[in-house]
Amino acid sequence: MTGAAGRSAPPALDPDTPRYHVTGERNWINDPNGPLHHNGVYHLFFQANVHAPEWGPPSWGHVSSTDLVHWRRHPDALAPEPGRADADGCWSGCARIVDGRPVLYYTGVVGDGDDRVEAVCRATGSADLTAWAKDPDGPLVAGPPDGLDSGYHRDPFLWHDGREWQLILGSGTTSGERHGTVLRYSSHDAATWHYRGEFFAAPREAGGIDLGEHWECPQLLDLGDLTVLLLSCQDPKAPRPLLHTVAYTGRITGGAFHAHGPPHLFDHGDALYAPAAAVDAAGRTLVWGWVQEPLSEHDRARAAKVGALTLPRVVDTDKAGLRVRPAPELEGLRTGLLRSGPVPDPAGARGSVLCPAARQMEIEVAVEQPRGRYGVRVELSPDGTRALTVAVDAGAVTVTGPAPDEGCRAPLDAAGPAALRIYLDGSVVEVFAGDRVALTRRIHTTGPALGAVRAFAAHDGTRMDCSVWRLSATAVDEAPGGAADT
Ligand code: FRU
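Residues numbered from 1 in each chain as written. Predicted model: local features only at pLDDT ≥ 70, side-chain atom pairs only at ≥ 80, totals over all residues. Heavy atoms only, no water.

Focus on the packing of aromatic side chains
Each aromatic ring pair is characterised by the separation of its centres together with the angle its planes make. Quick note on the threshold: In this analysis, rings of Phe, Tyr and Trp, with Trp reduced to its six-membered ring, are considered paired at centre separations within 6.5 Å, and the interplanar angle assigns stacked below 30 degrees, edge-to-face beyond 60, and tilted for intermediate values. Numbering of helices and strands runs from the N terminus; a helix is a DSSP stretch of H or I covering at least four residues, while a strand is a stretch of E covering at least two. Only protein chains enter the accessibility calculation, which uses a 1.4 Å probe. A residue is then buried if its area is under 20% of the maximum for its type, exposed if over 50%, and partly exposed in between. Only Lys NZ and Arg CZ are tested; either one counts as a charge over a ring when it is within 6 Å of the ring centre and within 35 degrees of the ring normal.
Using the criterion set out here, one finds 16 aromatic pairs in the structure. Taking the centre distance of 5.8 Å and the plane angle of 55° together, the rings of W159 and F199 count as tilted. Of this pair, W159 sits in strand β9 (residues 154-160) while F199 sits in strand β12 (residues 194-201), placing them 40 residues apart in sequence. Residue F199 is classed as buried on the basis of its relative accessible area of 1%. When the centroid spacing of 5.8 Å and the interplanar angle of 20° are considered together, the rings of F200 and W215 count as stacked. Of this pair, F200 sits in strand β12 while W215 sits in strand β15 (residues 214-223); the two residues are 15 residues apart in sequence, bridging distant segments of the chain. As far as burial versus exposure is concerned, F200 and W215 are alike and both buried. One aromatic cluster is present, formed by F157, W159, F199, F200, W215, Y248 and F257 through successive ring pairs. Between R116 and the ring centre of Y152, over which it is positioned, the NZ or CZ distance is 5.7 Å. Stacked on the ring of W469, the Lys or Arg R334 has its end atom at 3.5 Å from the ring centre.

As structure tokens, then:
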């Protein structure tokens, strides 16, 4: 990828570094920000700290694509500036077209800890979205409204409801059993904002899910018959504070969101957080998430890049509810078919070898009349002692590895056997089951060599069909000069 704005050569990457997922130019990234499809180009921004492999005052990195497969890097869109409302960070937000011009709404941060002020800031873009001018008059909303105890007042998400602009922010309560809230502002010109109070709140726990002490990055998805509110739940006191993202379905009435029932996990793995949504020219709702990367301090210090964005996911609904599946354009990542067709003898002792494993790989599994457990195993070491296992059994899909006791599980409600789609990219694993549920995990390998890909089934009569493709290792343009691979 181009050293954006004349930066030094790209860092050397290790085999665990994802290649076709969007990563930062170097060092650290977290949330995707402001996805926008404009004039036939998908723009994607993200929280970036190019100075160290850990979170630090973020800038907004920027990549774009015409096909959702090949990405080109641009100079950072936003960076913190001393003396401004974003002096200590340009935190998350969204991108919108307002009166024909691209605009970023973002969280400007000054100070730290209890003294931190989280303001709503704005920057207006050039027609190609590569040059951004911050508002000269300072933030649009200087900080939390009077009377709000919480300092959490961040991650603006805007929409126009046909009458006026609406803006929501993530926040939380500060007394009693703390819980998350979403605040709302409204405006006629998307510049002068009036505080309208709470848009949504829920107790600390709902539907058996811990919803954390406050919410970040609220996203509102208008899916026709259903409105979905995505909330990223944080508990600063938890061992892993960024708990997960939940999806509430419901409707907006009287300026507030009313949930139809308890929330569901948006992703059932242990890595996705802070997803951001955009509607493209075809009317599809696309969502990208941050793939977190839990590394020891030692490993982080040596990593060329930490953090990645998920593949674009199409989110929609059918009679059975919410569906999440990889964008069909991702077929364009395939650079070679490693095997396809029926699997001979999947019920043998260690399953059936499909092909040697590759670092960048897609695996599709279809089954007929399964009885009992079935799935695939990707050996992450030549002897197969470290492995990634994706298995369907008893109404659930599990993604296990690298140790046999490390894993995540998602219930599968839909009737019939679930087809599996598995994307591997270095340490990033994205699993889609039945085009309905997703699990994102990060699984680091240890050595330079991998083993085989195997398919297995508990029952002799199971008819399995598997295709495996090698995927591009250069879809994200890292070449100096900026030529994306085709
Ligand atoms: C979510 C988050 C956002 C914030 C950003 C800062 O991961 O905490 O709420 O704007 O990251 O980088």
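Some points on the sheet that holds strand β5 (residues 90-98)
Test applied: Here, a strand pair is defined by DSSP locating no fewer than two bridges between the strands. All axes here are fitted lines through C-alpha atoms, helices being fitted over the stretch that makes contact, and every angle between N-to-C directions spans 0 to 180 degrees.
The strand order across the open sheet formed by four strands is β5-β6-β7-β8, and the pairing between neighbours is antiparallel. Taken across any chain shown, the strands that pair with only one partner, and hence form the sheet edges, are β5 and β8 (132-134). Averaged over all adjacent pairs, the angle separating strand axes in this sheet is 30°, with direction ignored. Relative to strand β7 (residues 117-125), strand β6 (residues 101-110) runs antiparallel, the two being bridged by eight bridges. Across the sheet, G108 pairs through a bridge with A119, a residue of β7.

Some points on the site of the ligand
Condition: Neighbouring residues are identified by heavy atoms, a residue being near a molecule or strand if any of them is within 4 Å of it. N or O atoms closer than or at 3.5 Å make up a polar contact, with two conditions inside protein: a donor-capable atom paired with an acceptor-capable one, and, for residues adjacent in sequence, both atoms drawn from side chains. Areas reported here follow the Shrake-Rupley algorithm with a probe of radius 1.4 Å; residue values treat only the protein chains shown as occluding. Classes in brief: Ala, Val, Leu, Ile, Met, Phe, Trp, Tyr, Cys and Pro nonpolar; Asp, Glu, Lys and Arg charged; the others, Gly included, polar.
Taken together, N30, D31, Q47, W55, P58, W91, S92, R154, D155, E216, Y273 and W290 make up the full set of residues adjacent to the ligand. Here an oxygen atom of the ligand and a side-chain polar atom of W55 are 2.9 Å apart. The contact in question runs from an oxygen atom of the ligand to an N or O atom on the side chain of E216, over 2.8 Å. Burial of the ligand by the protein chains amounts to 95% of its free accessible area of 320 Å². Looking at the shell around the ligand, the elements that each hand over two or more residues are β1 (27-38), β5 and β9. Residues belonging to the shell around the ligand are distributed by class as follows: five nonpolar, three polar and four charged.

Section: the confidence of the model for the chain
A low pLDDT score tells you not to read the predicted coordinates there in detail. Here is the rule: Scored from 0 to 100, pLDDT reflects the predictor's confidence in each residue. The contact rule is simple, with two residues in contact once any of their heavy atoms fall within 4.5 Å.
Confidence in the prediction of the chain, expressed as mean pLDDT, is 93, and 96% of residues score 70 or more. Long-range and interchain partners of residues 1-6, a stretch whose pLDDT sits below 50, account for 23 contacts in this model, where long-range means more than four residues apart. Within the model, the stretch residues 479-486 combines pLDDT values under 50 with 16 contacts to residues more than four positions away or in other chains.

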